[in-house]
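The chain contents come next:
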Amino acid sequence: MLSRMKKSLIPLIIGLNVFALNALSQEANYDESKIPAYTLPDPLLSETGMPIRDSALWKYKRRPEILELFRKEVYGRLPEETVSASYTVQSLDENALGGKAIRKEVTITLSRNGVSVPLELLIFLPKNAAKPVPAFVGLNFSGNHTVSNDPAVPVTGSWVRNNTKSGIADHKAREENRGMSVSRWQIERVIGRGYALATMYYGDIDPDYDDGFKNGIHQLFADKNITAESWGSIASWAWGLSRIMDYFETDTDIDHGKVALMGHSRLGKTSLWGGAEDQRFAIVISNDSGCGGAALSRRAIGETVWKINSSFPHWFCDNFLRYNNNENEIPVDQHMLISLMAPRPVYVASAEEDSWADPKGEFLSAYYASPVYHLFALKGIDTEKMPAVKNPIMNHIGYHIRPGKHNVTEYDWDCYLDFADMHYGK
Ligand code: GTR
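Since the model is a prediction, treat every value here as computed from it, not as a measurement.

Asks: Go over the pattern of salt bridges with me, naming the residues and quoting the values.
Replies: A full pass over the atoms with the stated rule returns 34 salt bridges. Notably, a salt bridge pairs Glu410 with Arg189, separated by 3.5 Å at the nearest N-O pair. Taken together, the residues Glu410 in helix 12 (residues 410-424) and Arg189 in helix 5 (residues 187-192) connect sequence positions 221 residues apart. On the accessibility criterion, Glu410 (42% relative accessible area) is partly exposed. Residues Asp421 and Arg193 are paired through a salt bridge, measuring 2.9 Å at the closest nitrogen-oxygen approach.

Now the structure itself:
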């Protein structure tokens, strides 16, 4: 969604160095012994060098500093103005999923400056639960009609990717994909445990390609100047999640104080940034989020900052391009993103065969975020040694690695449900 012309000039100007030229011929590294030497920035040392020794200093001094660094250097800034919102219940089925669930579709219409953008939210509620119910919310990749086989769910959104030559998956919403992501959403499992599940198609918020800030919610802010700190798509999707939270605050079926934000892959990066920007999310879950998500950038193994900026420059702000093959200069690393969830429970999950996302780097981020949780007398991850597969750690920071590939599985959901139960005292 950023202007491609500008994006392609910046690396030429600031990145015409030996590293950038080498990078053009770089193969991904998967060898731990070839990880460059690095020192992580300390979440507990302020910009002026003041040690952060208690939770008050963390909240009022260090947390805002770190949040600001991520805005400026990585994800970009959200618009400061609020937009107006109206909510219309489009459909209500009291007997969905064979009578086990209530299915509700709500259009969230956002308006500013005479422009309106509709966003379609799909919610499944457990039928016989006492209201309000705690909820999981997450964006989906291919349309609301892909998360269940229910023929009544309309195909959400439609956008045409104009960049298919890189072989990047096409996440356009289409009728033929109905039910395609059922296994990733596990609706019956979630409602069976007494939680609501709400989802929205990410392409409705911001279509996942670069069109110069013209589509999705960007239409609402057409009068704004574009700078190197303007929000990338991850920040746009995160902003959309906050608009869903605004809606939850008006829905008496949902316990808006108990909303767990869950996302996979690029949408796992989004759940982390969404949880950092908006502390109303009670629990934040990152599933296989990798580079730009939970994985430490300085390890530069699997997908690197250079690689992600080359494939998906519109995901981040332009300033992030400065760190292509230059990770040691980033004033933050991703353990500091995890630490921004404190003192709320946060869960990081990896898959054994997902080396592109660097499972060890995802785990280490969770580990190195732990000192911030200690300021609140909460337990994070105690050991630098990764647990065995299917041996989840569940403290205020949760972590598991499961066998298999980059995906969301029943096992992942079982862990997230256990983690939520534990923290909500269910
Ligand atoms: C990959 C990308 C990853 C991850 C993934 C996804 O192509 O390199 O960072 O986000 O897409 O979102 O499925």
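Asks: Tell me about helix 3 (residues 55-75), and please be specific about residues and values.
Replies: Three or four residues apart is the spacing at which side chains of an α-helix point the same way, because the helix has 3.6 residues per turn. Look at helix 3: only 25 Å from first C-alpha to last across 21 residues, short of the 30 Å you get at 1.5 Å a residue. Of all the bends in helix 3, the largest measures some 40° and sits at Arg62, one to four residues before the proline Pro64. Those residues of helix 3 not exposed but buried are Trp58, Arg62, Arg63, Glu65, Ile66, Leu67, Leu69, Phe70, Glu73, Val74 and Tyr75. Elements in contact with the buried residues of helix 3: helix 7 (233-248), helix 8 (266-277), helix 10 (334-339) and helix 11 (359-375). One side-chain oxygen at the N-terminal end of helix 3 lies 3.1 Å from the backbone nitrogen of Ala56; it belongs to Asp54.

Asks: Lay out the site of the ligand in plain terms, naming residues and giving numbers.
Replies: Taken together, Phe141, Ser265, Arg266, Lys269, Glu303, Ile308, Phe312, Trp315, Trp356 and His406 form the complete shell of residues around the ligand. Arg266 is positioned such that a nitrogen or oxygen atom in its side chain is 2.6 Å from an oxygen atom of the ligand. At 2.9 Å, a side-chain N or O of Trp356 approaches an oxygen atom of the ligand. Against a free-state accessible area of 310 Å², the protein chains account for coverage of 80% of the ligand. For the shell around the ligand, the per-class residue count stands at 5 nonpolar, 2 polar and 3 charged.

Asks: Summarise helix 11; cite the residues concerned and give the values.
Replies: At Ala369, helix 11 shows its maximal bend, which comes to roughly 30°, and the proline Pro371 appears one to four places after that position. Within helix 11, 13 of the 17 residues are buried, which leaves it mostly tucked inside the rest of the structure. Positive phi shows up at Ala377, right after helix 11, with a value of about 60°.

Asks: Please set out the packing of helix 7 against helix 8 residue by residue, giving values where relevant.
Replies: Axes are the key here: two packed helices are described by the angle between their axes and the distance separating the axes. Packing of helix 7 against helix 8 brings their axes to within 8 Å, and their N-to-C directions diverge by 60°. The angle between helix 7 and helix 8 places the two elements in the oblique class. Along this stretch, helix 7 crosses helix 8, giving a crossing that reads as right-handed. For the pair helix 7 and helix 8, contact is made by Ile234, Ala235, Trp237, Ala238 and Leu241 and by Arg266, Leu267, Lys269, Thr270, Trp273 and Gly274, respectively. The residue inventory of the contact of helix 7 with helix 8, partitioned by class, reads 7 nonpolar, 2 polar and 2 charged.

Asks: Give a detailed account of the side chain of Asn309, specifying residues and quantitative values.
Replies: With respect to the helices and strands, Asn309 occurs in helix 9 (residues 305-311). We classify Asn309 as buried; its relative accessible area is 4%. With near-sequence residues (within four places) excluded, Asn309 lies in contact with Phe316, Phe320, Leu321 and Asn324.

Asks: Can you break down empty space enclosed by the protein residue by residue, with the values?
Replies: Summed over all chains, the structure comprises 2 cavities of 30 Å³ or more. Looking at the largest cavity, its volume works out to about 90 Å³. Looking at the lining of the largest cavity, the elements with two or more residues in it are strand 4 (133-140), helix 4 (182-185) and strand 6 (254-264). With 3 residues, strand 6 is the largest single contributor of residues to the lining of the largest cavity.

Calculation rules
- Residues numbered from 1 in each chain as written.
- Predicted model: local features only at pLDDT ≥ 70, side-chain atom pairs only at ≥ 80, totals over all residues.
- Heavy atoms only, no water.
- Salt bridge = Lys/Arg side-chain N within 4 Å of Asp/Glu carboxyl O.
- Helix = DSSP H or I, 4+ residues; strand = E, 2+ residues; numbered from the N terminus.
- Buried < 20%, exposed > 50% of the residue type's maximum accessible area, 1.4 Å probe, protein only.
- Expected span 1.5 Å × (residues − 1).
- Bend = angle between axes of the 7 residues up to and from the residue.
- Contact = heavy atoms within 4.5 Å.
- Polar contact = N/O pair within 3.5 Å; in protein donor to acceptor, adjacent residues only side chain to side chain.
- Near = heavy atom within 4 Å.
- Areas by Shrake-Rupley, 256 points an atom, 1.4 Å probe, with all protein chains shown as cover.
- Nonpolar A, V, L, I, M, F, W, Y, C, P; charged D, E, K, R; others polar.
- Axes fitted to C-alpha atoms, helices over the stretch in contact; angles between N-to-C directions.
- Parallel < 35°, antiparallel > 145°, perpendicular 65-115°, else oblique.
- Left-handed = near helix turned anticlockwise from the far one by under 90°.
- 1 Å grid on protein atoms, 1.4 Å probe; cavity = no way out; pocket = protein on both sides within 12 Å on 5 of 7 lines; lining within 4 Å.
- Points joined across faces, edges and corners; volume = space filled by probe spheres on them.

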